[in-house]
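Descriptive structure summary
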Amino acid sequence: MSKSPAYGAKAGRASGRNLNDASDSLVAAVASGVPIPASMAPHLSAVEGSSLLLHAQRVRDAAWGRLITYSPKVFVPVTMLCRDVCHYCTFAQAPRHGEHAFMTPDEVLALARAAAERGCREALFTVGDKPELRYAVARSELESLGFKTTVAYVAHLCRLVLDEAGLLPHANVGVVSGPEIAMLRASSVSLGLMLESTSERLCARGGPHFGSPDKEPARRLEVLRLAGEHSVAVTTGLLVGIGETRAERIETLLAIRQQHEQYGHIQEVIIQNFRAKPGTLMAAHLEPNLGELLWTIAVARLLLDPSISVQAPPNLSGSVFPRLLDAGINDWGGV
């Protein structure tokens, strides 16, 4: 599969695969309990080799032991309408004639009750970003349901599922305001927002986030900040292989670390590998190899506070998913 030149630079790396003495000392410092200063973190871009993974494993084991967790969950796609046009996305769909734009409360509750009977503990609510700002059908259907915004409707559904089915709602609702976070806090246990990347370059013409206003890094960082101010637990993360460099991944992880240092509210960071999907603008884009994914997971484990869970989705790595454990993850996420 060839890589389209429109989607950015390859990740920079050293030509050799052995750690040099300086890099070895840098990573060993974290394994000894000394955090890597932000000024030194960029040097990790050139670090290669199994020692990096071993250090990440030691940090993971010291904080979490040998227990690997997961969350039995049900996926609740309240609406697949979205105002953004991310070039790798297969979730977002345009309105379809004769079909509802939103799941109804009865449909959501029936799904949640069936999931609870099968042992699920979590309800993962997902929506597209602010579809009512793009589609008249979304505005009309929300009005018929008694709501003005998608976020308000999701907050109502979270409360319904919590009270009637006993599942713990986790809301992935995109970019939200402070009052919307406060609204969600009353009915959900946590908030999900993938930061993906702090690289503004990816939002420029030809980039994967061009035409997607809700993927602007500053807007997403502001949501993480507001969630911290409201003491809301947040799951965030990186999307690896969409044209960003290793240095930009490190910058993204440091931005997440800074948020947690200020508010202590980042509960989990997902390191998600890009997968090319037919029918998208990035169908011919080169996927990151396993080594690059493992490098990113290990660096996340070394840079982030050890109390933060590091997750990598097993379903995106096929039969080699057990190798993700080698890089220091302690959680498989929702299953």
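Keep in mind that what you see is a predicted model, and the values were worked out from it rather than measured.

Thresholds, definitions, all that
- As a convention, each chain's residues are numbered from 1 in the sequence order in which they are written.
- With the structure being a predicted model, the display of local features is reserved for residues of pLDDT at least 70 and the display and counting of side-chain atom pairs for 80 or more, all residues being used for whole-chain, interface and lining totals.
- Only hydrogens and water are removed before side-chain values are computed, so all heavy atoms of the structure are retained for them.
- To qualify as a helix, a DSSP run of H or I must reach at least 4 residues; to qualify as a strand, a run of E must reach at least 2; elements of each kind are numbered from the N terminus.
- Residue contacts are counted whenever heavy atoms from the two residues lie within 4.5 Å of one another.
- Only strands joined by at least two bridges in the DSSP assignment are considered to pair.
- Throughout, right-handed denotes a crossover for which the path from the first strand over the helix to the second runs clockwise when the strands point away from the viewer.
- Just to be clear on terms, a salt bridge is a Lys or Arg side-chain nitrogen sitting within 4 Å of an Asp or Glu carboxyl oxygen.
- Partly exposed residues are those whose accessible area sits between 20% and 50% of the maximum for their type, while under 20% is buried and over 50% is exposed, using a 1.4 Å probe and protein chains only.
- One less than the residue count of a helix, multiplied by 1.5 Å, gives the span that helix is expected to have.
- We call a set of buried residues a nonpolar core when its members are Ala, Val, Leu, Ile, Met, Phe, Trp, Tyr or Cys and they connect through side-chain atoms within 4.5 Å of each other.
- Definitions used throughout: a 1 Å grid over protein atoms alone; a cavity as a set of points that fits a 1.4 Å probe which cannot get out; a pocket as an open set with protein on both sides within 12 Å along at least five of seven lines; a lining residue as one with an atom within 4 Å of a point.
- Grid points are joined across faces, edges and corners, and a volume is the space filled by probe spheres set on the points.
- Amino acids outside the nonpolar list (Ala, Val, Leu, Ile, Met, Phe, Trp, Tyr, Cys, Pro) and the charged list (Asp, Glu, Lys, Arg) are all regarded as polar, and Gly is one of them.
- Centres within 6.5 Å are what make two rings of Phe, Tyr or Trp a pair, Trp counting through its six-membered ring; a difference in plane orientation under 30 degrees is then read as stacked, over 60 as edge-to-face, and the rest as tilted.
- By the criterion adopted, a ring carries a charge over it if an Arg CZ or a Lys NZ lies within 6 Å of its centre and within 35 degrees of its normal.

Observations regarding the side chain of Thr236
If you trace the backbone, Thr236 turns up in strand β6 (residues 234–240). Leaving out residues up to four positions away in the same chain, Thr236 has contacts with Leu193, Met194, Leu195, Leu224, Ile256, Ile266, Glu268, Val269 and Ile270.

Details of the pairing of strand β4 (residues 168–172)
Sheet topology places strand β3 (residues 122–126) next to β4; 5 bridges connect them, and they run parallel. In the sheet register, Leu124 faces β4, and the bridge partner there is His170. The pairing of β4 with strand β5 (residues 190–192) spans 2 bridges and is parallel. Following the sheet pairing, Ala171 is matched in β5 by Leu191. Each parallel crossover has a hand, and the one from β4 via helix α6 (residues 178–185) to β5 is right-handed.

A word on the pattern of salt bridges
Counted by the stated rule, this structure contains 18 salt bridges. The salt bridge involving Lys215 is made with Glu196; its shortest N-O contact spans 3.1 Å. One end of the pair, Lys215, is in the loop between β5 and α7 (217–229); the other, Glu196, is in the loop between β5 and α7, with 19 residues separating them in the sequence. The class for Lys215 is buried, based on a relative accessible area of 9%. A relative accessible area of 9% means that Glu196 is categorised as buried. A salt bridge links Arg219 to Asp214; the nearest nitrogen and oxygen atoms lie 3.5 Å apart. Since its relative accessible area comes to 0%, Asp214 is described here as buried. Put simply, Arg83, Asp129, Lys130, Asp214 and Arg219 are held in one network by salt bridges that share partners.

Let's talk about the environment of Ile297
The residue Ile297 is located in helix α9 (residues 290–303) in this model. Judged by relative accessible area, which is 0%, Ile297 ranks as buried. Not counting residues within four places of it along the chain, the set of residues in contact with Ile297 comprises Ile271, Val310, Ala312, Leu324, Ala327, Gly328 and Ile329.

Focus: helix α5 (residues 150–165)
Spanning 16 residues, α5 covers 21 Å between terminal C-alpha atoms, matching the ideal 22 Å at 1.5 Å per step. Those residues of α5 lying buried are Thr150, Val151, Ala152, Tyr153, Val154, Ala155, Leu157, Cys158, Leu160, Val161 and Ala165. Residues of α5 that are buried make contact with α3 (105–117), β3, α4 (136–145), β4 and α6. Following α5 by one or two positions, Gly166 adopts a phi angle in the positive range, close to 75°.

Structural notes on the environment of Glu122
Tracing the chain through its elements places Glu122 in strand β3. Overall, Glu122 belongs to the buried group, its relative accessible area being 16%. Taking the C-alpha atoms as reference points, Glu122 and Val108, 14 residues apart in sequence, are found 13 Å from one another. Ignoring any residue separated from it by four or fewer positions in sequence, one finds Glu122 in contact with Ser71, Pro72, Lys73, Val74, Leu167, Leu168 and His170.

With respect to the side chain of Glu132
Its place among the elements puts Glu132 in the loop between β3 and α4. If we skip the residues at most four places from it in the chain, Glu132 touches Ala138, Arg139, Leu142, Lys148, Thr149 and Thr150.

Looking at the nonpolar core
In this structure, Phe125 and Ile271 are the most contacted members of the largest nonpolar core, which totals 78 residues. Non-local contacts of Ile271, meaning those with residues more than four positions away in its chain, are made with Leu238, Val240, Leu253, Leu293, Thr296, Ile297, Ala300, Val310, Gln311, Ala312 and Pro313. The next biggest cluster of nonpolar side chains, apart from the first, holds 8 residues, and it includes Tyr88, Leu239, Phe274 and Met282.

Regarding empty space enclosed by the protein
Applying the stated criterion to the full structure yields 1 cavity of 30 Å³ or more. Considering only enclosed or pocket space, the largest cavity measures out at about 40 Å³ in volume. Taken together, Val127, Gly128, Asp129, Lys130, Glu132, Thr150, Val151, Val173, Val175 and Val176 form the lining of the largest cavity. Split by residue class, the lining of the largest cavity holds 5 nonpolar, 2 polar and 3 charged.

Looking at the packing of aromatic side chains
The final tally for this structure, using the stated rule, is 4 aromatic pairs. Pairing Phe102 with Tyr153 gives two aromatic rings, centres 6.0 Å apart and planes at 80°, and the pair type is edge-to-face. In this pair, Phe102 sits in the loop between β2 (73–77) and α3 while Tyr153 sits in helix α5, placing the two residues 51 residues apart along the sequence. An angle of 75° between the planes, with centres 5.5 Å apart, marks the rings of Phe321 and Trp332 as edge-to-face. With Phe321 in the loop between β8 (309–311) and β9 (331–334) and Trp332 in strand β9, this pair connects stretches of sequence that are 11 residues apart. Residue Phe321 is classed as partly exposed on the basis of its relative accessible area, which comes to 33%. Directly above the ring of Trp295 sits Arg246, whose terminal nitrogen or CZ lies 4.1 Å from the centroid.

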